[in-house]
Amino acid sequence: MDEARFKILYEQTSKLLLAYLLRVTGENALADDVFQESYVKLLQSELREPTDAKLKSYLFTTATNLIRDHWRRAKKDVRWESEGSGDISTIGHEEPAHLGHDFEKAFEGLSPQQRSLLWLAYVEGYEHKEIAGMLGLREKSIKVLLYRARHKLKSVLTTMGIGKGGE
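The structure displayed is predicted, hence computed values, not measured ones.

Parameters and conventions
Residues numbered from 1 in each chain as written. Predicted model: local features only at pLDDT ≥ 70, side-chain atom pairs only at ≥ 80, totals over all residues. Heavy atoms only, no water. Helix = DSSP H or I, 4+ residues; strand = E, 2+ residues; numbered from the N terminus. Contact = heavy atoms within 4.5 Å. Areas by Shrake-Rupley, 256 points an atom, 1.4 Å probe, with all protein chains shown as cover. Salt bridge = Lys/Arg side-chain N within 4 Å of Asp/Glu carboxyl O. Buried < 20%, exposed > 50% of the residue type's maximum accessible area, 1.4 Å probe, protein only. Core = buried A, V, L, I, M, F, W, Y, C linked by side-chain atoms within 4.5 Å. Phe/Tyr/Trp six-rings, centres within 6.5 Å; stacked < 30°, edge-to-face > 60°. Expected span 1.5 Å × (residues − 1).

K.L.:
Would you take a moment to explain the overall build of the protein for this structure?
P.N.:
Along the backbone of the protein there are seven helices and zero strands. In the protein, the proportion of contacts linking residues at least 24 apart, taken out of those at least 6 apart, comes to 63%. Carbon and sulfur atoms make up 51% of the accessible area of the protein, which totals about 10800 Å².

K.L.:
Is there a simple way to explain the pattern of salt bridges in this structure?
P.N.:
Where charged atoms from two side chains of opposite charge approach closely, those side chains can pair. Enumeration according to the criterion identifies three salt bridges in this entry. Of the charged contacts, one joins Lys7 and Glu3 as a salt bridge, the two residues approaching to 3.5 Å between their closest N and O atoms. One end of the pair, Lys7, and the other, Glu3, are both in helix 1 (residues 3-25), four residues apart, so they sit about a helical turn from each other. Exposure remark for Lys7: the relative accessible area of 47% places this residue in the partly exposed category. As a salt-bridge pair, Arg5 and Asp52 come within 3.4 Å of each other at their nearest N and O atoms. One end of the pair, Arg5, is in helix 1; the other, Asp52, is in helix 3 (residues 52-83), and 47 residues separate them in sequence. Take Asp52: its relative accessible area is 38%, and that puts it in the partly exposed class.

K.L.:
Even after reading the chapter, I still don't get the nonpolar core, so can you show me in this structure?
P.N.:
Here is a general trend for soluble globular proteins: nonpolar side chains tend to be buried in one another's company. Core analysis: the largest hydrophobic core is formed by 38 residues, its most contacted members being Leu17, Tyr20, Leu21, Leu120 and Ile131. Per-element accounting of this core gives the leading share, seven residues, to helix 7 (residues 139-159). Discounting residues that sit within four places of it in the chain, Leu21 has contacts with Gly26, Ala31, Val34, Phe35, Ala63 and Ile67.

K.L.:
What should I look at first to understand the packing of aromatic side chains in this one?
P.N.:
Aromatic ring pairs: the centre-centre distance and the angle between the two ring planes describe each pair. Counted by the stated rule, this structure contains seven aromatic pairs. Pairing Tyr10 with Tyr39 gives two aromatic rings, centres 5.0 Å apart and planes at 55°, and the pair type is tilted. Placement of the pair is Tyr10 in helix 1 and Tyr39 in helix 2 (residues 28-44), with a sequence separation of 29 residues. Take Tyr10: its relative accessible area is 32%, and that puts it in the partly exposed class. Taking the relative accessible area as the measure of exposure, Tyr39 reaches 5% and is therefore buried. Cluster of aromatic residues (ring-pair linked, three or more members): Phe6, Tyr10, Phe35 and Tyr39.

K.L.:
Teacher, can you tell me more about helix 5 (residues 112-123) here?
P.N.:
In an α-helix, one full turn covers 3.6 residues, which means residues spaced three or four apart are oriented alike. The terminal C-alpha atoms of helix 5, which comprises 12 residues, lie 15 Å apart, in line with the 16 Å expected from a rise of 1.5 Å per residue. Taken together, the buried positions of helix 5 are Gln114, Arg115, Ser116, Leu117, Leu118, Trp119, Leu120 and Ala121. Downstream of helix 5 by one or two residues, Gly125 has phi in the positive range, about 75°.

Next comes the structure, spelled out in structure tokens:
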């Protein structure tokens, strides 16, 4: 990929990718690290006939996988430390960036997978097949998982006193 094409792609995707990472991780430092590493991996990749859509999908898939890898390592670290003698109550619980909006707080009440699903489907507008590929899930399960994520978000918002309490 030449420099001019990369600059254009970066301008088109950087804000979207960073917003996705901030919402899914809730941590500025982790989001920044994954953001940078996603672009590095894109530049190192040897994609055949990459369209802009394929490049964008590659970025989001890579970012999602990097987040998943981070959380797996964090779980392993917690297991190792819990076998030791330390207090593990603060491991992997970095304080999120200042959140000024109720919806952002509600979004934090969802699991990382639910946040990813909702963001990719409704903010980025990906098809179920694309989301399945990015998250390593079966395409047929995406509809059900999105339904559950929407209802969980609705429940969290209702608990916070936002929106209607009934169906």
